[in-house]
Amino acid sequence: MRRFYLFKDGVQKGSMETREEALEMICLWQSRETHPFLRPQFSIIEGEEEVIPYLSQQKPPRQKRGMER
């Protein structure tokens, strides 16, 4: 699934499905900034989201050895 990741001063703040939504969110954040000298820098990175499942937590069955104790 293609996503647009939003960053504020190099820290990821969220992700959106479309570029237009991402730009709209950044414009909203910029409208809330009040300090003229300390305005943060915003950026967008387009990428592919991939979910990596955990490996099974079940232990494999124990194999018997050829020799008995």
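Residues numbered from 1 in each chain as written. Predicted model: local features only at pLDDT ≥ 70, side-chain atom pairs only at ≥ 80, totals over all residues. Heavy atoms only, no water.

Peer 1: I'd love a proper account of the overall build of the protein chain, names of residues and values included.
Peer 2: What the protein chain contains, in helices and strands, is 1 helix and 3 strands. The order of α-helices and β-strands along the protein chain, N terminus first, is β-β-α-β. Residue burial in the protein chain is summarised as follows: out of 69 residues, 17% are buried. Here the contacts in the protein chain between residues at least 6 apart in sequence split such that 47% fall between residues at least 24 apart. When the accessible surface of the protein chain is split by element, carbon and sulfur atoms take 51% of a total near 7,000 Å². (Helix = DSSP H or I, 4+ residues; strand = E, 2+ residues; numbered from the N terminus. Buried < 20%, exposed > 50% of the residue type's maximum accessible area, 1.4 Å probe, protein only. Contact = heavy atoms within 4.5 Å. Areas by Shrake-Rupley, 256 points an atom, 1.4 Å probe, with all protein chains shown as cover.)

Peer 1: Please set out the nonpolar core residue by residue, giving values where relevant.
Peer 2: Residues Phe 4, Leu 6, Met 16, Ala 22, Ile 26, Trp 29 and Phe 42 constitute the largest nonpolar core, which totals 7 residues. For this core, the secondary structure elements donating two or more residues are β1 (2-8) and α1 (19-32). The dominant element in this core, judged by the number of residues it contributes, is α1, at 3 residues. Among residues more than four places away in sequence, those in contact with Met 16 are Arg 3, Phe 4, Leu 6, Glu 21, Ala 22 and Met 25. (Core = buried A, V, L, I, M, F, W, Y, C linked by side-chain atoms within 4.5 Å.)

Peer 1: I'd like a rundown of the sheet that holds strand β2 (residues 11-16), residues and numbers included.
Peer 2: With antiparallel pairing, 3 strands are arranged side by side in an open sheet as β2-β1-β3. Edge positions in the open sheet fall to β2 and β3 (42-48), since each of these has one partner strand only. Sheet twist, expressed as the average angle between the axes of neighbouring strands with direction ignored, equals 30 degrees. Across 7 bridges, the pairing between β1 and β3 is antiparallel. Along β3, the bridge assignment pairs Tyr 5 with Ile 45. (Pairing = 2+ DSSP bridges. Axes fitted to C-alpha atoms, helices over the stretch in contact; angles between N-to-C directions.)

Scope: geometric values only; no functional claims are made or implied.
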